[in-house]
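# Structural description and commentary
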Amino acid sequence: MASHEEDCSPDTLAFMELAIQQAKLAMDSLEVPVGCVIVEDGKVIASGRNRTTETRNATRHAEMEAIDILLEHWQKNGLSKLEVAEKFSNCYLYVTCEPCIMCAAALSILGIKEVCYGCANDKFGGCGSILSLHLGSSEPLKSLWFHLPSLGNTSMLSECCHRERKPKFSA
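Now for a description of the structure that goes with this document. (Residues numbered from 1 in each chain as written. Predicted model: local features only at pLDDT ≥ 70, side-chain atom pairs only at ≥ 80, totals over all residues. Heavy atoms only, no water.)

## Remarks on the overall build of the protein chain
Just so we agree on the cut-off: In this text, helices come from DSSP runs of H or I with a minimum length of four residues, and strands from runs of E with a minimum of two, each type numbered from the N-terminal end. Contacts are assigned to residue pairs with any non-hydrogen atoms lying within 4.5 Å of each other.
Per the secondary structure count, the protein chain includes 6 helices and 6 strands. The order of helices and strands in the protein chain, counted from the N terminus, is β-α-β-β-α-α-α-β-α-β-β-α. Restricting to contacts in the protein chain with at least 6 residues of sequence separation, those with at least 24 account for 57%.

Laid out in structure tokens, this is it:
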């Protein structure tokens, strides 16, 4: 996992803001507030939010929701498996929280070009916090994955991501 201060371009921040909007939708639905967008050629082509409670399916994380939207769309358009793999290799994922081990593995297998996340996932992170699935030796794992740098303790992005991850209910 690398921090790339130069990668905090206005576009990166705009895509992260869209991911945060998805996280807010998840939170409004009493879900763990994680959201994401998938970008190709500078355009958002899919978005997702956590829907595990709503669907009663523990695999319905934001990343998996967005991936499934793309797979369904590309299959309807008649793309071959090779064409789908090529499309994913040109996509960027912006997600509010470090992908969990399950999602990081799926993203690695798909060969997504780059993953940018807003905050670490200290319990389940698959991009460096717990496991570093993006550092494997197989071809799909050579993608660039990075955590947005802290732009200072008052960073809008950092504060928003951390605020969105606070528990909504106390035990």
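## Things to note about helix α3 (residues 62-76)
Quick reminder of the rule: An expected span of 1.5 Å times one less than the residue number is assigned to each helix.
Here α3 spans 22 Å end to end across 15 residues, near enough to the 21 Å set by a 1.5 Å rise per residue. Looking at the buried residues of α3, the elements they touch are β2 (35-40), β3 (43-49), α4 (81-88), β4 (91-97) and α5 (101-110). Once α3 finishes, G78 follows within two positions and takes phi at roughly 80°, a positive value.

## Observations regarding the nonpolar core
Operational definition: The nonpolar core is taken to be a set of buried Ala, Val, Leu, Ile, Met, Phe, Trp, Tyr and Cys residues, with the residues joined through side-chain atoms within 4.5 Å. For each residue, the accessible area found with a 1.4 Å probe, counting protein chains only, is set against the maximum for its type, and the residue is called buried under 20%, exposed over 50%, and partly exposed in between.
In terms of nonpolar packing, the biggest core is built from 26 residues, with I38, L93, V95 and V115 touching the most fellow members. Every element with two or more residues in this core is listed here: β2, α3, α4, β4, α5 and β5 (114-119). In terms of residues, this core owes the most to one element, α3, which gives 6 residues. L93 has contacts with C36, V37, I38, E63, L107, I112, E114, V115 and C116, leaving out every residue within four places of it along the chain.

## Concerning the environment of G128
Tracing the backbone shows G128 in the loop between β5 and β6 (144-147). Relative accessible area serves as the criterion here: at 33%, G128 is assigned to the partly exposed category. C-alpha separation for the pair G128 and P99, spaced 29 residues apart in sequence, amounts to 9.8 Å.

## Some words on helix α1 (residues 10-28)
Worth spelling out the cut-off: Taken from the helix axis, the directions to the C-beta atoms give the arc we talk about.
Its 19 residues place the ends of α1 27 Å apart at the C-alpha level, agreeing with the 27 Å of an ideal helix rising 1.5 Å per residue. The complete set of buried residues in α1 reads T12, F15, M16, A19, I20, Q22, A23 and A26. In a view along the axis of α1, the buried residues occupy a sector of 160°, so they form one face of it. The exposed residues of α1 that point more than 90 degrees off its buried face are P10, D11 and D28. Note on α1: the residue one or two positions beyond its end, L30, has a positive phi of about 65°.

Everything listed here is a matter of geometry and, on its own, says nothing about what the molecule does.
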